[in-house]
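Residues per chain are reported as follows:
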Amino acid sequence: MTSRSTSTERGLEVDRDGEWHPIDPIPGTFIVNFGCAMKILTRRTATPVAAVAHRVVRQPPSGQGQA
């Protein structure tokens, strides 16, 4: 399990239909990734939960973006 403070930092992306989509940060919230744990825990239920393919893209420090 991993957790990440979203604050105002960008970088989290999810894969949807083969394309990466950025997730907008919501100030004051955390993102918790349970990985495959939820898939294992819910595998015998009526609505199993699948893990979402995701990545974190490193953002350049403030003021050092591309020109």
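Each chain has its residues counted from 1, running along the sequence as written. Totals for whole chains, interfaces and linings use every residue, but because this is a predicted model, local features are given only for residues with pLDDT of at least 70 and side-chain atom pairs only at 80 or more, for both listing and counting. No hydrogens and no water enter the side-chain calculation; it runs on all heavy atoms of the structure.

Draft legend 1. Here's a closer look at the sheet that holds strand 5 (residues 54–56). The strand order across the open sheet formed by three strands is 3-2-5, and the pairing between neighbours is antiparallel. Every other strand in the sheet has two partners, leaving strand 3 (19–22) and strand 5 as the edge strands with one partner each. Each strand of the sheet is rotated relative to its neighbour by a mean of 30°, with strand direction disregarded. In this description, strands pair whenever DSSP reports at least two bridges between them. Elements are defined by DSSP. Helices are runs of H or I of four residues or more, strands are runs of E of two residues or more, and each kind is numbered from the N terminus. Of the strand pairs in this sheet, strand 2 (residues 12–16) and strand 3 are connected by four bridges, and their pairing is antiparallel. Residue pairing in the sheet places Asp 15 in a bridge with Trp 20 of strand 3. Structural elements are reduced to axes, namely lines fitted to C-alpha atoms, with helices fitted over the stretch in contact, and the angle between N-to-C directions of any two is expressed from 0 to 180 degrees.

Draft legend 2. Highlighting the confidence of the model for the chain. Per-residue confidence for the chain gives a mean pLDDT of 80; residues scoring 70 or more make up 82%. Model confidence for the chain, summarised as mean pLDDT per element, is weakest for strand 1 (residues 2–5) at 68 and strongest for strand 3 at 94. On a range of 0 to 100, pLDDT expresses the predictor's confidence in each residue.

Draft legend 3. Region of interest: the environment of Arg 55. Mapping Arg 55 onto the fold places it in strand 5. Considered as a pair, Arg 55 and Val 14 are 41 residues apart in the sequence and their alpha carbons are 6.5 Å apart. Other than its neighbours up to four places away in sequence, Arg 55 contacts Gly 11, Leu 12, Glu 13 and Trp 20. For this analysis, residues touch if any pair of their heavy atoms sits within 4.5 Å.

Draft legend 4. Summary view of unusual backbone geometry. Even without being a glycine, Asp 17 presents a positive backbone phi close to 55°. Relative to the assigned elements, Asp 17 resides in the loop between strand 2 and strand 3.

Draft legend 5. Layout of a nonpolar patch on the surface. A grouping of Phe 30, Val 32, Phe 34, Met 38, Leu 41 and Val 49 is seen on the molecular surface, where their side chains present a nonpolar patch of about 580 Å² in accessible area. When residues of the nonpolar patch are traced back to their parent elements, those giving at least two are strand 4 (30–33) and helix 1 (37–41). Mapped onto the elements, Phe 30 comes out in strand 4. What goes into a patch is any residue over 30% in relative accessible area without a salt bridge, connected to like charges within 9 Å or, for nonpolar side chains (Val, Leu, Ile, Met, Phe, Trp, Tyr), within 5 Å. The Shrake-Rupley method, run with a 1.4 Å probe sphere, supplies the accessible areas, and residue values consider only the shown protein chains as cover. In what follows, salt bridge is the name for a side-chain nitrogen of Lys or Arg lying within 4 Å of a carboxyl oxygen of Asp or Glu.

Draft legend 6. A look at the pattern of salt bridges. Tallying each qualifying case throughout the model produces one salt bridge. Glu 13 is the partner of Arg 55 in a salt bridge, and the nearest nitrogen-oxygen pair spans 2.7 Å. You can see Arg 55 sitting in strand 5 and its partner Glu 13 sitting in strand 2, a full 42 residues away along the chain. The cut-offs for exposure are 20% and 50% of the maximum accessible area for each residue type, with area from a 1.4 Å probe on protein chains only; residues under the lower value are buried, those over the upper are exposed, and the others partly exposed. Its relative accessible area of 15% is what places Glu 13 among the buried residues.

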